[in-house]
Amino acid sequence: MSRAIGNLLARMFTFLVPTKIIFGLNSVSKIREELDRIGARKVFIVTDAVVEKAGLVDEVKAELPSGLDIDTYNRVEPEPRLEIAEDLATAVRSIRPDLILGIGGGSVLDLAKIAAVMITNEGSVSDYCKSILNIETFRSKGQSTILIPTTAGTGSEVSNTSMLVVGGMKIFLRSRFLFPELAIVDPKMSLTMPQKVTAATGLDALSHAIEGLMSSNSSALTDALALKSVELISQNLIKAYRDGRDIDARTAMSLAAMMAGMVLNAGMVYGHSVAYTIATRYKLAHGVSCAIPLSYVMAYNLSTCVDKLQKVAIAMGENVSGLNPEEAARKSVEAVQRFVHELGVPTNLTSIGVPREILPVLASECLEKYHRPNNPRVMSIDDAVALYNRIWEGRPFG
Ligand SMILES: [Fe+2]
């Protein structure tokens, strides 16, 4: 048996995406028959003011059958706080719709998922936020949910998590009941996304793909999705960033982000942990906070995943001919740094104003609050401090 096959057979894995996906240009037009199938009459739309102003809610409403009872909640904020989730839970319980329709970016979709379970589960949202990682705390399946992403990055439309900010800290709700029933991924809905949001959300997807590849819980299934996603992102994100109307690039990014969303099955590693320690402190979009540490965490893990990072380099179009596997893997780190920089996103901690003195605080928070047993290389506190120093200085290999 070859070593590669042996490795595949030796690893048990679970993979869960119970969501029906309808993907493609103009797929929003399918919503009418899906509503008939579900039998929904009372629809509760979860969105935000920006998405509403861009006309995207109206675009979806135009495809809905007439005679529906429709309510709209548009108060979702970026990096939503617990208070907003509680407000939404009160609103949705007073209406008791038979369908939740989330139209927006990751924050909106995360909250739409929470709205759906808060109809069928008792108590307040805070009852389900007792730790950083709240696993399977909901007891009942939520109301039927359809999610329509308007960005291309978070993968929330195919994931079982919702993120909330509680007392300045990022916490996660993770439950099989948070998967939506249906995701309609129509690249047309992402055409109005501003340049900065395009870059940040696309880099979040790249982080999901590469961190998932490095995770010790990865599988042949997540690896395949991750590598294809890396290839699509490296070929299309800069195009979509430069010309938001480039429908081919937008389509490729919608697909890549959704595939990377499924890679979340493998679990994220220390890139996302570092991101959580800097995002709220320095008011960074989630994707930006993930993009900054990504290449450094790749460099840190390199010795444990040479083969995979070599594949990332190839997927990103790097010329690795004549290089040994480690040299080729190092090319992936350089490629990611260049890519992030080309998208106008910082590649170190100095440029976002992080003082050097705070690095040990961030490092211990990273290990204590956002520990990753699935990171392929063990990280001690000294390792973490050294990692933060490298990110601060802008030198992935020290
Ligand atoms: Fe993320």
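Residues numbered from 1 in each chain as written. Predicted model: local features only at pLDDT ≥ 70, side-chain atom pairs only at ≥ 80, totals over all residues. Heavy atoms only, no water.

**A short note on the domain arrangement of the chain**
Okay, so step 1: With domains assigned, the chain is organised as domain 1 (20-190) and domain 2 (195-393).
Okay, so step 2: For domain 1 and domain 2, the distance between their C-alpha centroids amounts to 26 Å.
Okay, so step 3: Domain 1 puts 22 residues into the contact, and the matching count from domain 2 is 25 residues.
Okay, so step 4: Both sides together, the interface formed by domain 1 and domain 2 hides about 1900 Å², and carbon and sulfur atoms give 69% of it. (Domains from an automatic or database assignment. Contact = heavy atoms within 4.5 Å. Buried area = accessible area lost by both parts, 1.4 Å probe.)

**Regarding the environment of Leu232**
Okay, so step 1: Within the secondary structure, Leu232 is located in helix H8 (residues 220-242).
Okay, so step 2: When its relative accessible area of 11% is taken as the criterion, Leu232 is described as buried.
Okay, so step 3: Counting along the chain gives 20 residues from Leu232 to Ala252, while the straight-line C-alpha distance between them is 6.1 Å.
Okay, so step 4: Setting aside residues no more than four positions away along its own chain, Leu232 makes contact with Leu237, Ala252, Leu255, Ala256 and Met259. (Helix = DSSP H or I, 4+ residues; strand = E, 2+ residues; numbered from the N terminus. Buried < 20%, exposed > 50% of the residue type's maximum accessible area, 1.4 Å probe, protein only.)

**Describing the sheet that holds strand S8 (residues 169-174)**
Hydrogen bonds between backbone atoms are what pair the strands of a sheet, whose relative direction is either parallel or antiparallel.
Okay, so step 1: Taken in spatial order, the three strands of this open sheet run S5-S8-S7, and their pairing is mixed. The open sheet is flanked by strand S5 (133-135) and strand S7 (161-166), the only strands paired with a single partner. The sheet shows a mean angle of 20° between the axes of neighbouring strands, direction not considered.
Okay, so step 2: Relative to S8, S7 runs antiparallel, the two sharing six bridges. Of the residues in S8, the one forming a bridge with Val165 is Lys170. (Pairing = 2+ DSSP bridges. Axes fitted to C-alpha atoms, helices over the stretch in contact; angles between N-to-C directions.)

**Let's talk about the coordination of the iron ion**
Okay, so step 1: The protein atoms that coordinate the iron ion are Asp204 (OD), His208 (NE2), His272 (NE2) and His286 (NE2), at distances spanning 2.1 to 2.3 Å.
Okay, so step 2: Coordination at the iron ion comes from four donor atoms whose angles at the metal span 80 to 164°, giving a geometry best classed as irregular.
Okay, so step 3: Spacing between the donor residues of the iron ion along their common chain follows D-x3-H-x63-H-x13-H. Here Asp204 and its partner His208 are both found in helix H7 (residues 195-214), four residues apart, which amounts to about one turn of the helix. With respect to class, Asp204 is no different from His208; both count as buried. (Donors = N, O, S within 2.8 Å, 3.2 Å for Na, K, Ca; no water. Tetrahedral: all angles 85-135°; square planar, octahedral: opposite > 155°, others 65-115°.)

**Remarks on the packing of aromatic side chains**
Okay, so step 1: In total, this model carries three aromatic pairs according to the counting rule given.
Okay, so step 2: When the ring of Tyr128 is compared with that of Phe138, the centres are 4.4 Å apart and the planes differ by 25°; the resulting orientation is stacked. Of this pair, Tyr128 sits in the loop between helix H6 (106-120) and S5 while Phe138 sits in the loop between S5 and strand S6 (145-149); the two residues are 10 residues apart in sequence, bridging distant segments of the chain.
Okay, so step 3: Note on Tyr128: relative accessible area 10%, which makes it buried.
Okay, so step 4: Taking the centre distance of 4.9 Å and the plane angle of 55° together, the rings of Phe172 and Tyr276 count as tilted. (Phe/Tyr/Trp six-rings, centres within 6.5 Å; stacked < 30°, edge-to-face > 60°.)

**Let's talk about the sheet that holds strand S1 (residues 20-23)**
Okay, so step 1: The strand order across the open sheet built from six strands is S1-S9-S6-S4-S2-S3, with neighbouring strands paired in parallel fashion. The two strands at the open ends of the sheet, each matched to only one other strand, are S1 and strand S3 (69-73). With strand direction ignored, the average angle separating the axes of adjacent strands in the sheet is 20°.
Okay, so step 2: Bridge analysis of S1 against strand S9 (residues 182-185) gives four bridges, and the strand direction is parallel. Counterpart to Ile21 in the pairing with S9 is Ala183.
Okay, so step 3: Where helix H2 (residues 31-38) meets the sheet, its contacts fall on S1, strand S4 (99-104), S6 and S9, and the angle it forms with S6 comes to roughly 165°.
Okay, so step 4: Sheet strands touched by helix H5 (residues 82-95): strand S2 (42-46), S3 and S4. Its angle to S2, the strand with the most contacts, is close to 165°.

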